[in-house]
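# Architecture and fold: a report
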Amino acid sequence: MLRIGLIVVTVALIVVSAALFLGRLLAIWAVMKTARPLNRTDRLGERIKSVVEHVVLHRRMFRITLSGTLHYFIFSGFVILLIDIVETVGEVFFPGFTVGRILAPLVDIWVILVAVGIVLALYNRIILKPKRFEGSDEKDAYLILGLIGAIIVGIVIHDSFFPFVAPQVFHVADPVARAHFLGFAVSRLWVALGWTGPTAASIGYALGYLIDIGVVFAFLAYLPYSKHFHIFLAVPNIFIRNLNPQGELVPEPIDETMAIRNFHDFNWKDIADLYTCTECGRCQAVCPAYAAGQPLSPKMVILKLRDALNERMAENTLDDPNTASLAGGVISPEELWACTTCGACQEACPVFIEHVPKIAGLRAALLEDGVIDPNAQKVLVSWDRQGNSFGQPARKRPAWAKNIDIAIKDARREPVDWLWFVGDFASWDPRVQRLTEQIAHLLERSGIDFGILYESEVNAGNEALRLGEYGLFEALAQKNIKALEAAQYRRIFTTDPHSLNALKNEYGKFGFHAEVRHYTEAFLEWIDEGRIAVKSVPIRATYHDPCYLGRWNGIVKAPRTLLQRLGVQLVEMPRHGAQSFCCGAGGGRIWMDETGMTDRPANQRIREALALGDVPFFVVACPKDVSMFSASVTAMGVENQIRVVDMADLLAGAVGLKTADEAILALASMATVSP
Amino acid sequence: MKITVLMKDVPDLVEDLELEAGQLLVDDISFVVSEWDDQALEEALLIKDEAGADVTIVAVDTGDVDTMLYTALAKGADRAVKIVGDFTRRLTNRTRAAILAEYCKSESPDLILTGVQAIDDIDGQIAGLLAGYLDIPHASVVREVHTMDAQLHFIQEYSGGRMAEFTAASPVLLGIQAARKPPRYVTVAKVRQLQKSATLDEVQVVLPSTPGLTVRRLYKPEAAGHAEMWGDDADTVAEHIVRVLGEKKLLRS
Ligand code: SF4
Ligand code: SF4
């Protein structure tokens, strides 16, 4: 009777929950099929490796120790749960079935670990309350924790009654009774209470069975409607992650438009992303726009899109032209334009959700409708007309070179070893021009054979693309590529990480491939080759990783090794390397209105450096950073505590250039020439 | 409502203009849409968005006006007309107005909009000249154009911040000072797409003979008086300001 009853209930549960689960899955699959194509099933080996790294080893998860640990307990519990399900369903369907004495106790060990995980999760959510959970569906989180708790309780209950049910009702032996040590311990209680007879044990067993298996299947049916769908989608989503260069926003040339207005405009990975989000808020916690009090949270972008998709699926309005546009309707223009495209969100996301391409695509739709900050619009027009963001005549691009008495080679006319792609800010911003001249002096002093493209260089287009202006990006890229192809050089270097990113990662789709270096890499190479002799500049300094250098291009070691060669004592800020915090300038933000910002990211970053205590130098390696952080230091009135210096300043001092900053020169002159 | 917007391109003053032997090197100049014409286009598109209208953009082909016309189409204009004939970049406004009059007579639009002025208006503004040729009502330095019950409502600005509200029956020709909103952005891709898919209507007009002016000399204004330098001491500067305001009787005691 008991067996038959449980079998019937189990079969019913399997059928109903599988139907619900599959129904939902197919509905989502149908949306994915109408989405834009994308190749994410190549490079199998690499994909498997990344799944091992991020699922089995929880690489990103462990960046927050407590959350990583508690998640590991619960996550591994799900794997062990499979043993329990097989065992429990097996012993009912096929009397005498057992998983053996080795696997059985694993279940009990993990019951304890999962219980610890649940307690830690509750501690995290109730006592610590990290801000990153703001906006997440907390009720869902508690419900799921409750369900998981119920499952482990159920496991212990049915295991504790099975030693009595097995011989008396199922008429089989229970060889693993003691191996389920938790269940066995509890069974002693039933012995004491005298609940060991066939009826009492059957009731107890059935209860435990239903709590365990019943909740498991209820869970299965509920999952695809909750954030815990990530239990199923996290692994595939990590598998289909982007393995191309991270800095490449658009993998292939675009014929039509990159604008995203409805769900068919997303690619299929974007749709998978929406359902994989765990609402953990790690992206929100690292977002500079969110930290600055802007209306943007990368987590909420994903959740709002997911909710809108769910609603449209339920109401069958996916193709209804009357639904609000995703760009400007579901996600507001203010949210979209607040993004600096720093990529911190993507770097933090444990399930490899890609926020930036979505934001850029949504921006493209706003742009097509003419919704853009007026200043940014001016810059777009300047890029189109003059090829630079300063609205200056193209002919004046190399004007800075006239301020110095170095004859800079014209790479369009004569072959050079290194082609220097100067970039807009380095060419025109008065604060940065000084550094550009310094670099020219350094190159000449070191006998580097270099040249520039003069007025044939135009803005690299990195920001145009990130503002959603693909056509303009392409036009700029084609102009540069034409000039670069006509020039003769061996390698390219640039001081500007944004140009570096475009040249290195975005021009490939137009068939342009060249070796592109950041100046920190190039100078390190020249020093190590003995072409540049440097004195030590013995200062204590911290180093700010520019987003487009450190995070998007993984260039974090070269600048640090360079600092080492210069004898700088590096003190790291808490957020550094790929986890660096954006200055707030990227993605076109530098030209946009800052009203509504409560705390500028650059100011927050300077405070982070000040909190290190007694670190008087803030080293940067990006022209935009020079502008952003110098402005912050002045605005905050902390000039006497910290000074923003560019790597070029340090190099000039270390080499002993006459034009170098006097203070740095003085420091360097006290030191000896390093070997 | 049939709206015609007259547009022209003018030298881009971001770039330095170059002279050779007292002559402007026209071939080296890059041209951009005249900013007031761009405002006129935006106002026309806003009227279209608000009340519906058929917007035609017209430009005299004095060189490469195609991009300007395609851009206007990309922004939402319905039709673009290029008036072709034996025209050069040195076309005077008087001639230009005569050419445009030829076209407008055949089309009889309800409303003609154009920029109130352009940086190369040497012999008067297009709006007034053309209205004369067409013999229709005209107002310049206009903004806030709305259509209501087949009538046009608009505001004309006068010096000293005065304004007047007008109502007029079509046809009317208005010289636009500024659109209600800054001219909209149009993406490069959209312009390129229209360059592929749209066609410009070409209308042949014979170069009319009009009386014209000859520029004898261009020179900088001669200084009549000199600026008074007040230094950078805040108190002194403040005193000077108060004194000057007092002298001009702009202060109430
Ligand atoms: S890219 Fe940076 S600014 Fe944009 S949403 Fe992500 S973290 Fe925020
Ligand atoms: S997008 Fe990623 S990091 Fe952000 S809440 Fe979702 S899972 Fe967490």
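Counting restarts for each chain, with residues numbered from 1 along the sequence as it is written. Starting at A for chains and at 1 for ligands, labels are handed out in the order in which the entities are written. This being a predicted model, a pLDDT of at least 70 is required before a residue's local features are given, and a value of 80 or more before pairs of side-chain atoms are given or counted; all residues contribute to the totals for chains, interfaces and linings. The side-chain numbers reported here are obtained from all heavy atoms of the structure, hydrogens and water having been left aside.

All right, on to the overall build of chain A then. Within chain A, the secondary structure is distributed over 28 helices and nine strands. With respect to the three principal axes, the spread of C-alpha positions in chain A is 100 × 60 × 45 Å. Per-residue accessibility, obtained with a 1.4 Å probe over protein chains only, is compared with the maximum for each type, and a residue is labelled buried under 20%, exposed over 50%, and partly exposed between these values. Here chain A, with 675 residues, has 59% of them falling under the buried criterion. Contact definition: two residues touch when any of their heavy atoms are within 4.5 Å. Across chain A, every contact between residues at least 6 apart in sequence was considered, and the portion connecting residues at least 24 apart equals 82%. Total accessible area on chain A stands at roughly 26500 Å², and carbon and sulfur atoms take up 61% of it. Positive charges are assigned to Lys and Arg, negative charges to Asp and Glu, while His and the chain termini are left out of the count. A single reference atom marks each charge: NZ on Lys, CZ on Arg, CG on Asp, CD on Glu. Counting 65 positive and 70 negative side-chain charges, chain A places the centres of these two groups 3 Å from one another. Per the convention used, a helix needs a DSSP run of H or I reaching at least four residues, while a strand needs a run of E reaching at least two, with both numbered from the N terminus. Computed with a 1.4 Å probe, the accessible areas rest on the Shrake-Rupley method; for each residue, only the protein chains presented here act as cover.

Let us look at the overall build of chain B. Check the secondary structure of chain B and you find six helices and 13 strands. Seen along its three principal axes, the alpha-carbon backbone of chain B occupies a region of about 65 × 55 × 40 Å. Here the contacts in chain B between residues at least 6 apart in sequence split such that 71% fall between residues at least 24 apart. In the structure as shown, chain B presents an accessible area of about 14300 Å², 51% of it carried by carbon and sulfur atoms. Measuring between centres, the 26 positive side-chain charges of chain B sit 3 Å from its 41 negative side-chain charges.

Consider each residue's heavy atoms; a residue with any of them within 4 Å of a molecule or strand counts as near. In the vicinity of ligand 2, 13 residues are found, and the nearest of them are Cys277, Cys280, Gly281, Cys283 and Cys349 of chain A. Residues are sorted three ways: Asp, Glu, Lys and Arg are charged, Ala, Val, Leu, Ile, Met, Phe, Trp, Tyr, Cys and Pro are nonpolar, and all the rest, Gly among them, are polar. Broken down by class, the residue content of the shell around ligand 2 amounts to seven nonpolar, three polar and three charged.

Now for the interface of chain A and chain B. Each partner contributes residues to the interface: chain A has 21 residues there, and chain B has 16 residues. A simple way to read buried area is as the amount of 1.4 Å-probe accessible surface that goes missing from two parts once joined, with both sides added. Of the roughly 1400 Å² buried between chain A and chain B on both sides combined, carbon and sulfur atoms contribute 48%. One side-chain nitrogen of Lys or Arg within 4 Å of one carboxyl oxygen of Asp or Glu is enough to make a salt bridge. On the surface where chain A and chain B come into contact, there are four salt bridges. Where Arg395 of chain A meets Glu18 of chain B, a salt bridge forms, and the shortest distance between an N and an O atom there is 3.8 Å. Counting of polar contacts relies on pairs of N or O atoms within 3.5 Å, with two restrictions inside protein: one atom must be capable of donating a hydrogen and the other of accepting it, and residues adjacent in sequence are counted only when both atoms are side-chain atoms. Linking chain A with chain B are six residue pairs in polar contact (both at pLDDT 80 or more), by the criterion used here.

This paragraph deals with the site of ligand 1. As a structural note, the neighbourhood of ligand 1 is formed by Cys287, Pro288, Leu296, Pro298, Cys339, Thr340, Thr341, Cys342, Gly343, Cys345, Val356 and Ile359 of chain A. Split by residue class, the shell around ligand 1 holds nine nonpolar, three polar and no charged.

Our next topic: helix H9 (residues 268-276) of chain A. Residue and element names in this part refer to chain A. Among the nine residues of H9, nine are classified as buried, and the element is accordingly described as predominantly covered. Within the sequence span of H9, burial applies to Trp268, Lys269, Asp270, Ile271, Ala272, Asp273, Leu274, Tyr275 and Thr276. Buried residues along H9 sit against helix H1 (2-34), helix H8 (230-239), helix H12 (298-315) and helix H15 (355-368). Measuring from the side-chain oxygen of the N-cap residue of H9 to the backbone nitrogen of Lys269 gives 2.9 Å; that N-cap residue is Asn267.

Residues and elements named next belong to chain B. Spatially, S11-S10-S9-S12-S8-S1-S6-S7-S13 is the arrangement adopted by the nine strands of the open sheet, whose pairing is mixed. The open sheet is flanked by strand S11 (163-169) and strand S13 (201-204), the only strands paired with a single partner. Each adjacent strand pair in this sheet contributes to an overall mean axis angle of 30 degrees, direction not counted. DSSP bridges decide pairing: two strands pair if at least two such bridges lie between them. Here five bridges tie strand S9 (residues 138-148) to strand S10 (residues 151-157), and the two strands are oriented antiparallel to one another. Bridge assignment links Val142 to a residue of S10, and that residue is Gln156. Note on geometry: axes are C-alpha line fits, over the in-contact stretch for helices, and angles between N-to-C directions span 0 to 180 degrees.

What follows covers the nonpolar core. Counting 214 residues, the largest nonpolar core has Tyr205, Ile271, Ile408, Trp420, Phe523 and Leu650 of chain A as its most contacted members. Of the residues forming this core, the biggest block, 15 residues, is contributed by helix H5 (residues 138-170) of chain A. Discounting chain neighbours no more than four positions away, the residues touching Trp420 of chain A are Trp400, Thr436, Ile439, Ala440, Leu443, Phe450, Gly451, Ile452, Glu457, Phe493, Thr494 and Thr495 of chain A. With 38 residues, the next largest nonpolar core counts Ile3, Leu45, Ala53 and Val172 of chain B among its residues. To form a nonpolar core, buried Ala, Val, Leu, Ile, Met, Phe, Trp, Tyr and Cys residues must be joined to one another through side-chain atoms within 4.5 Å.

Before going further, it helps to spend a moment on the packing of helix H3 (residues 65-93) of chain A against helix H7 (residues 198-222) of chain A. Residue and element names in this part refer to chain A. It is at 11 Å that the axes of H3 and H7 come closest, and there the two elements cross at 130 degrees. With respect to each other, H3 and H7 are oriented oblique. The handedness of the crossing between H3 and H7 comes out as left-handed. The residues of H7 that touch H3, namely those facing Phe78, Leu81, Asp84, Ile85, Thr88, Val89, Glu91, Val92 and Phe93, are Tyr205, Tyr209, Asp212, Ile213, Val216 and Phe219. Looking at the contact of H3 with H7, its residues break down into 11 nonpolar, one polar and three charged. Our angle categories are set so that under 35 degrees counts as roughly parallel, over 145 as roughly antiparallel, 65 to 115 as roughly perpendicular, and the remainder as oblique. Whether a crossing is left-handed or right-handed is set by the direction in which the near helix is turned from the far one by less than a right angle, anticlockwise for left-handed and clockwise for right-handed.

Further remarks concern unusual backbone geometry. Between Ser170 of chain B and Pro171 of chain B the backbone carries a cis peptide bond, its omega angle lying at 0 degrees. Following the sequence through the fold, Pro171 of chain B ends up in the loop between S11 and strand S12 (172-176). A positive phi angle, close to 60 degrees, is found at Phe352 of chain A, a residue other than glycine. Position of Phe352 of chain A among the secondary structure elements: in the loop between helix H14 (344-348) and H15. The phi torsion at Asp614 of chain A lies on the positive side, around 55 degrees, for a residue other than glycine. Mapped onto the elements, Asp614 of chain A comes out in the loop between helix H25 (601-610) and strand S8 (617-620). Classification of Asp614 of chain A as exposed rests on a relative accessible area of 64%.

So, on to the sheet that holds strand S2 (residues 418-421) of chain A. All names here are of chain A. Read from one edge of the open sheet, five strands run S1-S3-S2-S4-S5, paired in parallel fashion. Looking at the sheet topology across the chains shown, the edges are occupied by strand S1 (409-410) and strand S5 (516-518). Strands in contact with helix H18 (residues 430-445) are S2, strand S3 (450-452) and strand S4 (491-494); relative to S2, the strand with the most contacts, it is inclined by about 175 degrees. Where helix H22 (residues 519-528) meets the sheet, it contacts S2, S4 and S5, and its direction lies at approximately 85 degrees from that of S5.

A separate point is the domain arrangement of chain A. Residue and element names in this part refer to chain A. In terms of domains, chain A is made up of domain 1 (43-239), domain 2 (263-282 + 291-371), domain 3 (388-525) and domain 4 (530-670). Distance from the C-alpha centre of domain 1 to the C-alpha centre of domain 2: 34 Å. The interface is formed by 20 residues belonging to domain 1 together with 23 residues belonging to domain 2. Between domain 1 and domain 2 lies a buried interface of about 1800 Å² when both sides are counted; carbon and sulfur atoms form 48% of it. If you sort the residues of domain 1 by the area they bury against domain 2, Arg60, Lys227 and Asn237 come out on top, with a joint share of 38%. If you look at where domain 1 meets domain 2, you find 15 residue pairs in polar contact (both at pLDDT 80 or more). Elements that contribute at least two residues to the side of domain 1 that touches domain 2 include exactly H3 and H8. With five residues, H8 is the single largest residue contributor to the side of domain 1 that touches domain 2. When grouped by side-chain class, the residues that make up the side of domain 1 that touches domain 2 number seven nonpolar, seven polar and six charged. The source of the domain bounds is an automatic or database domain assignment.

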